[in-house]
Protein chains: 2
Amino acid sequence: MHNIHYAGRACRKMRNLKIFCSFSGANYHGFQRQPELPTVQGEIELAFNKVIGAEVSIAGCSRTDAGVHACRFCFSTYIKNAIPCENLTRALNGRLPPDIVILSCEEADKSFNARFSAKSKEYIYLINNKRQRDVFMQSYHYPYDLNIELLRKTAQLFIGRHDFAAFCRSEGLKEVSSTVREIYSFNVKENDGFAEFIVRGNAFLYNMVRIMAGTLIYVNEGKRTAGDILEAFKTGGREKAGKTLPPYGLYLNDVFY
Amino acid sequence: MHNIHYAGRACRKMRNLKIFCSFSGANYHGFQRQPELPTVQGEIELAFNKVIGAEVSIAGCSRTDAGVHACRFCFSTYIKNAIPCENLTRALNGRLPPDIVILSCEEADKSFNARFSAKSKEYIYLINNKRQRDVFMQSYHYPYDLNIELLRKTAQLFIGRHDFAAFCRSEGLKEVSSTVREIYSFNVKENDGFAEFIVRGNAFLYNMVRIMAGTLIYVNEGKRTAGDILEAFKTGGREKAGKTLPPYGLYLNDVFY
């Protein structure tokens, strides 16, 4: 191995690494490590162990639910090994399964933490609007008419600082001190039989993107209105929002620092 | 089941069906049925059996190698069952694995055969030109510079009627009476870090697209020239062509009748 001489070679000081990866979540119970279950974190830590011969614990930029994907997901980790970033990337990729890949690796300040340093995140909820399901792209199959203009207009309501308690799975409410979040942009794109809900914000509550996406689908079907969304912000009533769309349509598109 | 009353209901005459499907080939040993191995044909015939309660044998528009994908693949089959096409599509999709889907089904003349009636086929060879592998799209990872203009110019040489013996895997040569094929178009597209070789022709020899794609890659690397391709047409010498690229980058894009 071209990098074997780095394995076990301790460096003088602890390094903090900022690493971006991409994964298809179909085969994993989310990012976060769980005993006895296949997780993205578990696979990456195992690859680290093989490459540098030491136990490593990584901090992901967010938890993701089982089945959720990531185009660019950031994690940070402290290591005491001199292996250059470029070689570490290549070596990890050689040991990771085909549905997880390291995109880049760089040195970070020792204060950097992938989760707490994140300024904003962008998610895409992908909807297959074709008649039949798509065998190549994991997506939510919705073979009915989509009123894209209505969806675009309605999506604008989410932009800004709001109390998103109504757009949070109940288990998530007790974990946070505040349910106020800020959405910076919410675009609706159509592309080759697919629709994309592209939403960027400072942070997101548990299942928040999947519930906002489901609310748009309910608006499309006339089951919810713009007024219901405004009411949901005011009252926090989950019943004013729409259903939670399934995880396999959700992609963490990017994390910004 | 909404269509259960059709199962086993014989119709007066034999019907010939023309069916388009799509599949991700990663988990299959090609389209064509093989004993003891998972194949696309095997899965589809099994689904037919469950839906109409009778053994059905389907004829695919082409054999595809293990790992090759299809955006639109046609097969035909005779059945003696009155189930309407729409219901058959829905019922088959309910029983097929997630990586195979029936796109459409229609009645065809009794002379129609998915393989022998085909007028032309279009393949795409997908190359991931990004630095790291892609976890979402099956493709050939080539993280080096691509001279797209050179590839476009060179691809034009394949257009027209030529003896493609040099672009055929040797095992395939003994199966055909002629190695002359006609290529109608050969485009090279760039899109978001991917390159696509899009080739349409009347018919293709064994591994022909993968060898043409590999020849273009060799031209990109200066290992072959336009002159080598012209020489390959003249002499049939396999060594004048390039390497065979792997199956997982190949997509049968469409079949035309």
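Relevant structure appears above.
Residues numbered from 1 in each chain as written. Chains lettered and ligands numbered in written order. Predicted model: local features only at pLDDT ≥ 70, side-chain atom pairs only at ≥ 80, totals over all residues. Heavy atoms only, no water.

Asks: What should I look at first to understand the overall build of chain A in this one?
Replies: Secondary structure summary: chain A contains 6 helices and 10 strands in total. Computed over C-alpha atoms, the radius of gyration of chain A comes to 20 Å, within 12% of the 18 Å expected from 2.2 N^0.38 for 257 residues, which places it in the range of a compact globule. If one aligns the C-alpha atoms of chain A with their principal axes, the spans along those axes are about 65 × 40 × 30 Å. When each of the 257 residues of chain A is scored for burial, the buried share is 53%. By sequence separation, contacts in chain A at least 24 residues apart represent 73% of the contacts at least 6 residues apart. When the accessible surface of chain A is split by element, carbon and sulfur atoms take 48% of a total near 12000 Å². (Helix = DSSP H or I, 4+ residues; strand = E, 2+ residues; numbered from the N terminus. Rg over C-alpha atoms; globule rule 2.2 N^0.38 Å. Buried < 20%, exposed > 50% of the residue type's maximum accessible area, 1.4 Å probe, protein only. Contact = heavy atoms within 4.5 Å. Areas by Shrake-Rupley, 256 points an atom, 1.4 Å probe, with all protein chains shown as cover.)

Asks: Got a minute to help me understand the packing of helix α3 (residues 148-155) of chain B against helix α5 (residues 208-220) of chain B in this structure?
Replies: Packed helices, taken two at a time, are described by their axes: the angle between them and the distance between them. Residues and elements named next belong to chain B. Contact geometry for α3 and α5: axes closest at 10 Å, N-to-C directions at 135°. The pairing of α3 with α5 is recorded here as oblique in orientation. The hand of the α3/α5 crossing is right-handed. Listed contacts from α5 to Leu 150, Leu 151, Thr 154 and Ala 155 of α3 are Leu 216, Val 219 and Asn 220. For the contact of α3 with α5, the residue count by class is 5 nonpolar, 2 polar and no charged. (Axes fitted to C-alpha atoms, helices over the stretch in contact; angles between N-to-C directions. Parallel < 35°, antiparallel > 145°, perpendicular 65-115°, else oblique. Left-handed = near helix turned anticlockwise from the far one by under 90°. Nonpolar A, V, L, I, M, F, W, Y, C, P; charged D, E, K, R; others polar.)

Asks: Help me understand the relation of the copies chain B and chain A in this model?
Replies: Relating the two copies of this chain is a rotation about some axis coupled with a shift parallel to it. Superposition record for chain B on chain A: RMSD 0.0 Å, screw rotation 180°, translation along axis 0.0 Å. Interpreted geometrically, this transformation is the action of a two-fold axis. Most of the interface of chain B is mirrored in chain A, where 100% of its interface residues again form contacts. (Least-squares fit on C-alpha atoms with pLDDT ≥ 70 in both.)

Asks: Just to check I follow, could you spell out the pattern of salt bridges for this structure?
Replies: Oppositely charged side chains can pair when the atoms bearing their charge come close. Residues and elements named next belong to chain A. The full count for this structure, using the stated rule, is 22 salt bridges over all chains. A salt bridge links Lys 240 to Asp 228, with the shortest nitrogen-to-oxygen separation between them at 3.7 Å. With a gap of 12 residues between them, Lys 240 in the loop between α6 (226-235) and β10 (250-256) and Asp 228 in helix α6 connect regions that are remote in the sequence. Accessibility expressed as a relative area gives 27% for Lys 240, which makes it partly exposed. (Salt bridge = Lys/Arg side-chain N within 4 Å of Asp/Glu carboxyl O.)

Asks: When you look at the packing of aromatic side chains in this model, what are you seeing that I'm missing?
Replies: The geometry of two aromatic rings is summed up by the distance between their centres and the angle between their planes. Residue and element names in this part refer to chain A. Inspection of the entire model under this criterion finds 34 aromatic pairs over all chains. Here the aromatic rings of Phe 164 and Phe 167 are separated by 5.9 Å at their centres, their planes lie at 65°, and the arrangement is edge-to-face. Comparing Phe 164 with Phe 167 shows no difference in burial state: the two are buried. The rings of Phe 158, Phe 164, Phe 167, Phe 186, Phe 197 and Phe 233 are connected pair by pair, giving a single aromatic cluster. Between the NZ or CZ atom of Arg 72 and the centre of the ring of Phe 20, over which it lies, the distance is 4.1 Å. (Phe/Tyr/Trp six-rings, centres within 6.5 Å; stacked < 30°, edge-to-face > 60°. Lys NZ or Arg CZ within 6 Å of the ring centre and 35° of its normal.)

Asks: For this particular structure, what's the right way to read the state of the cysteines?
Replies: By definition, a disulfide links two cysteine residues through a covalent bond between their sulfur atoms. Per the counting criterion, the structure on display carries 0 disulfides over all chains. This cysteine, Cys74(A), is not joined by any disulfide, and Cys61(A) carries the nearest cysteine sulfur, 6.2 Å off. Judged by its relative accessible area of 0%, Cys74(A) is buried. Cysteine Cys71(B) is unpaired, with the sulfur of Cys21(B) as its nearest cysteine sulfur at 11 Å. The exposure class of Cys71(B) is partly exposed, given its relative accessible area of 24%. (Disulfide = S-S within 2.5 Å.)

Asks: Help me out: how do you make sense of the environment of Thr154(B) in this one?
Replies: Structurally, Thr154(B) is set in helix α3. Sequence-distant contacts of Thr154(B), that is, excluding residues within four places in its chain, are made with Leu216(B), Val219(B) and Ile229(B).

Asks: Just checking my understanding: could you explain unusual backbone geometry for this structure?
Replies: Glycine aside, the phi torsion of most residues is negative, and most peptide linkages are trans. All names here are of chain B. Residue Glu 36 is not a glycine yet carries a positive backbone phi of 70°. Note that Glu 36 resides in the loop between β1 (15-23) and α1 (40-52). Taking relative accessible area as the criterion, Glu 36 reaches 80% and is therefore assigned exposed. A positive phi angle, near 60°, is found at Asp 192, a position not held by glycine.

Asks: Just checking my understanding: could you explain the interface of chain B and chain A for this structure?
Replies: Often, the extent of an interface is quoted as the loss of accessible area upon association of its parts. Counting from both sides, the interface comprises 24 residues of chain B and, opposite them, 24 residues of chain A. Taken together, both faces of the contact between chain B and chain A bury some 1700 Å²; the carbon and sulfur share is 54%. It is Arg133(B), Val135(B) and Phe136(B) that lose the most area in chain B upon contact with chain A, and together they represent 42% of the buried surface on that side. Summed over the shared surface of chain B and chain A, the result is 2 salt bridges. The residue Glu86(B) makes a salt bridge to Arg131(A) at a minimum N-O spacing of 2.6 Å. For the side of chain B that touches chain A, the elements supplying multiple residues, two or more each, are β1, β3 (69-79), α2 (85-95) and β4 (100-108) of chain B. A per-element tally of the side of chain B that touches chain A places β4(B) first, with 4 residues. Its residues placed into classes, the side of chain B that touches chain A shows 14 nonpolar, 6 polar and 4 charged. (Buried area = accessible area lost by both parts, 1.4 Å probe.)

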